[in-house]
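Take a look at the letters that make up each chain.
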Amino acid sequence: MIAKLMYPVVDCPDPAALAGFYARILDWEVDAADPSWVWLTSPAGERIAFQEAKDHRPPRWPDPAFPQQFHLDFEVDTREDVERARGEVIALGAEFLHDSGGEQKGFLVFNDPAGHPFCLCFGQSS
């Protein structure tokens, strides 16, 4: 091993707002002491950083002219769970983009409020 992963860093126009969006999905703590570099921290200590990018150009999934840059996958157990989660993330400001169509295993794609795609996956562990 050359190195170990420290944490992902997400460029966005408003780090505190985007960290708050993901905090509500994960129930993690936001540290916005520096508004240009905001931390999201789990109870176990895992971290995601959100960095201000004043000229951020959001991706337009699946348009290759505006690539996704990165995405996060979140896991729920079943199709029923992902449907419940769909409503919750939309209420937080996500935009629904795509349903893979699976009944036992699949994923839904959304944009977060800054335009980054993320997936709610289900049936992946079975």
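Preceding this paragraph is the structure being described.
What you see is a predicted model, and the numbers here were worked out from it, not measured in a lab.

Conventions used here
Residues numbered from 1 in each chain as written. Predicted model: local features only at pLDDT ≥ 70, side-chain atom pairs only at ≥ 80, totals over all residues. Heavy atoms only, no water. Helix = DSSP H or I, 4+ residues; strand = E, 2+ residues; numbered from the N terminus. Expected span 1.5 Å × (residues − 1). Buried < 20%, exposed > 50% of the residue type's maximum accessible area, 1.4 Å probe, protein only. Arc of directions from axis to C-beta. Contact = heavy atoms within 4.5 Å. Pairing = 2+ DSSP bridges. Disulfide = S-S within 2.5 Å. Phe/Tyr/Trp six-rings, centres within 6.5 Å; stacked < 30°, edge-to-face > 60°. Lys NZ or Arg CZ within 6 Å of the ring centre and 35° of its normal.

K.L.:
Could you give me a rundown of helix H2 (residues 79-91), with the residues and numbers involved?
P.N.:
An ideal rise of 1.5 Å per residue puts 18 Å on 13 residues; H2 measures up with 19 Å between its terminal C-alpha atoms. Among all positions of H2, only Arg79, Val82, Ala85, Arg86 and Val89 are buried. Projected down its long axis, H2 shows its buried positions confined to an angular sector of 120°, all on one face. In this structure, H2 carries Glu80 and Ala91 as exposed residues pointing more than 90 degrees from its buried face. On its buried face, H2 is in contact with helix H1 (15-26), strand S5 (72-76), strand S6 (95-99), strand S7 (106-111) and strand S8 (117-122). One or two residues past the end of H2 sits Gly93, with phi positive at roughly 120°.

K.L.:
Please provide a residue-by-residue account of the pairing of S6, values included.
P.N.:
With four bridges joining them, S6 and S7 adopt antiparallel strand pairing. Bridge assignment links His98 to a residue of S7, and that residue is Val109. The hairpin formed by S6 and S7 contains six residues between the paired strands, and Gly101 there has a positive phi angle of roughly 90°.

K.L.:
Which residues make up the state of the cysteines, and what values do they have?
P.N.:
Scanning all chains against the criterion turns up zero disulfides. For Cys12, which is in no disulfide, the shortest distance to another cysteine sulfur is to Cys119 and amounts to 19 Å. By relative accessible area, which is 0% here, Cys12 ends up buried. Among the cysteines around Cys119, which has no disulfide bond, Cys121 carries the closest sulfur, lying 5.2 Å off.

K.L.:
Outline unusual backbone geometry, supporting the account with residue identities and numerical values.
P.N.:
For the bond from Trp61 to Pro62, the omega torsion is 5°, close enough to zero to count as cis. Looking at the secondary structure, you find Pro62 in the loop between strand S4 (47-52) and S5. Of note, Asp27 is a non-glycine position whose phi angle comes to about 60°, a positive value. Mapped onto the elements of the fold, Asp27 is located in the loop between H1 and strand S2 (29-34). You will see that Gln69, though not glycine, has its phi angle at about 70°, which is positive. Checked against the element boundaries, Gln69 lands in the loop between S4 and S5.

K.L.:
Mind laying out the packing of aromatic side chains, listing which residues take part and the relevant values?
P.N.:
Summed over all chains, the structure comprises ten aromatic pairs. With a centroid separation of 5.9 Å and an interplanar angle of 85°, the aromatic rings of Phe74 and Phe118 are classed as edge-to-face. Here Phe74, found in strand S5, pairs with Phe118, found in strand S8; they are 44 residues apart in sequence, far enough to count as distant. Exposure remark for Phe74: the relative accessible area of 12% places this residue in the buried category. Summarising the aromatic geometry, the rings of Phe110 and Phe118 are spaced 5.4 Å apart at their centres and angled 20° between planes, so their arrangement reads as stacked. Among the residues examined, Phe118 registers a relative accessible area of 0% and is labelled buried. Through pairs of rings, three or more aromatic residues link up here, namely Phe21, Tyr22, Phe50, Phe74, Phe96, Phe110 and Phe118. The ring of Phe66 has Arg60 lying over it, and the distance from NZ or CZ to the ring centre is 3.9 Å. Over the aromatic face of Phe96 sits the side chain of Arg86, whose NZ or CZ is 4.4 Å from the ring centroid.

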